[in-house]
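# Overview (structure and organization)
In case you want the letters, here they are:
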Amino acid sequence: MSIKSLAGQTIYYGLSNIASKLLNYFLTPFYLGIITPADFGEMNNVYAYIPFMNIVLTYGMETAFFRFAKKDNRQQVLSSATISLLISTVSVTLILFLLRGPVAHSYAGNLAGLTAHPGFYYYVILIMAFDALTAIPFAQLRLEGRPIRYAAIRIAGIAATVFFNVFFLYLCPLLYQAGHHWVPNVQVNADPLGYVYLSNMLGSGLTLLLFVPQILKIQWKFDAVLWKQMVQYALPLIIVGMAGMVNETFDRAWFLPQFLPGNDMEAKKVIIGLYSANYKLAILITMFIQAFRLGAEPYFFKQAEGENPQRIYARIMKLFVILLCFMFLFVSLYLNVWKIFLRKPFYYQGMRIVPVLLLANMFLGIYYNLTIWFKLTDRTRAGAVITLITAALAFLFNYWWIPVMGYYGAALATMVCYFIQMAVCYVWGQKHYPVPYHLPRILTYIGLAVVTWFVFHLLNTHLLSPGNVYALKPLSLIVATLLFAAYGWFILRMERKEFQRLPFVGKYLR
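What this report covers is the structure whose coordinates are included nearby. Nothing here was measured: the structure is a model prediction, and the numbers come from that model. (Residues numbered from 1 in each chain as written. Predicted model: local features only at pLDDT ≥ 70, side-chain atom pairs only at ≥ 80, totals over all residues. Heavy atoms only, no water.)

## Let's talk about a nonpolar patch on the surface
On the surface, Leu86, Val90, Leu94 and Trp220 cluster together to form a nonpolar patch covering roughly 370 Å² of accessible area. The topology assignment puts Val90 in helix α4 (residues 74–98). (Patch = residues over 30% accessible without salt bridge, like charges linked within 9 Å, V, L, I, M, F, W, Y side chains within 5 Å. Areas by Shrake-Rupley, 256 points an atom, 1.4 Å probe, with all protein chains shown as cover. Salt bridge = Lys/Arg side-chain N within 4 Å of Asp/Glu carboxyl O. Helix = DSSP H or I, 4+ residues; strand = E, 2+ residues; numbered from the N terminus.)

## Quick word on the environment of Phe120
Residue placement: Phe120 occurs in helix α7 (residues 120–133). With a relative accessible area of 10%, Phe120 lands in the buried category. In this structure the C-alpha to C-alpha distance between Phe120 and Gly194, which are 74 residues apart in sequence, comes to 5.7 Å. Beyond its immediate stretch of four places on either side in the chain, Phe120 contacts Leu114, Asp191, Leu193, Gly194 and Tyr197. (Buried < 20%, exposed > 50% of the residue type's maximum accessible area, 1.4 Å probe, protein only. Contact = heavy atoms within 4.5 Å.)

## So, the packing of helix α12 (residues 224–248) against helix α20 (residues 407–432)
Relative orientation of the contacting elements α12 and α20 amounts to 145°, with a least axis distance of 9 Å. From α12, Gly244, Asn247 and Glu248 reach across to α20, where they touch Ala413, Thr414, Cys417 and Tyr418. Partitioning the contact of α12 with α20 into residue classes produces three nonpolar, three polar and one charged. (Axes fitted to C-alpha atoms, helices over the stretch in contact; angles between N-to-C directions. Nonpolar A, V, L, I, M, F, W, Y, C, P; charged D, E, K, R; others polar.)

## Some remarks on the environment of Asn165
In this fold, Asn165 is placed in helix α9 (residues 147–177). Asn165 gets classed as buried once you look at its relative accessible area, which sits at 0%. In contact with Asn165, not counting residues within four places along its chain, are Leu27, Phe30, Tyr31, Tyr170, Tyr195, Val196 and Ser199. Within the structure, Asn165 has its side chain in polar contact with the backbone oxygen of Thr161 (distance 2.8 Å). (Polar contact = N/O pair within 3.5 Å; in protein donor to acceptor, adjacent residues only side chain to side chain.)

Spelled out as structure tokens, the structure:
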């Protein structure tokens, strides 16, 4: 597979990921207009725990599937991984059902709103179970190079989630008030979160249902020897994933509730809601990161069989960083436009964390790209060590900064931890799997992007819009656009020959 093939697949994965994310993205302003900041904080607290459980339920089988699947044994790997996940997911789901009482009445359950509504717990557990069971089918489509089917199923699941949210939370109250009592009597101001979780469960269930024909074609044979090898490879990835999630979602799940001053749980829920709403703006940069990972991971494993793949990895990294820098500026320079997404002025006070989180996600994206060295060399324990170090630092920085700076401290801790994680992975990787990354240019592009934003922020604060840096003013938009164009001109001057070699855009630069 060439870089052009990778670009083509990434575009398909990117379009599907962006489409699904945008559909899901639409729900955030929808929620912010309906539910209170405290309820939004409860919801994001719940969704912060789900990635942890997804890692436990899939225990690295997706990456192990890519690592061990070859043309001559693909069906054995597929069937063994599927059977393993099916048995483990059903078992863990039943255990979690039995633990509903203790979990719902714990401190975490109270913070998540499960104490008052223990029935919500079942929806959340089923969401995680359905998502775990679709991990290998999605991976199979990626390995087989079927991005269109992948996109169709992904978008269908998200679209269903959006539809049920709008139906339950918006249409049902209107229809019921109009006398159509065949719809549920949804009391939106009472417990809307139950319908949020129900909608998500239905969307995840539909995704699994669409995979049933594909799953039924699997040759149901379990290879115990192969499975043991896959588990030994994958188990360190659980530590990698769990420790990684400490920095990625633990700010909303545990750090902010624990380290914010005071004992007022409702006030903490409001702050988590404020933080989470602005965190969503940083997701704009993660859309491309996730799309790139979906297309790049199987490509990297296949490319490793060729001659001198390191040069290709270096070239991909440089292009990847350039795109991340453009996306960083596209969001950070136009925050006065993106604020419309937040719906209510109450949430605007948290927008100062958005550039910090954008930069954090840029470092995370680069780290994902760097991790190929320990996946290709079967040194997944190195990944576990790196993320454990980062997790320990996350505890330290959040413990130190949140009591002093509040939720801004959580954002700053996220950025610093991702930077350290990226740097350690690069240095360690160069010792075991040297890749000739274009480090001077990469550092220049990232540094210039940050400087461009900082210059605009200073101009906006002291000259263009003093007193209200997020006001939507024509002059601010003009200056932002000029700075964005200047950055683009510089990149084009530096990388014109590189861009000419790319599919789609190269023909316009000759």
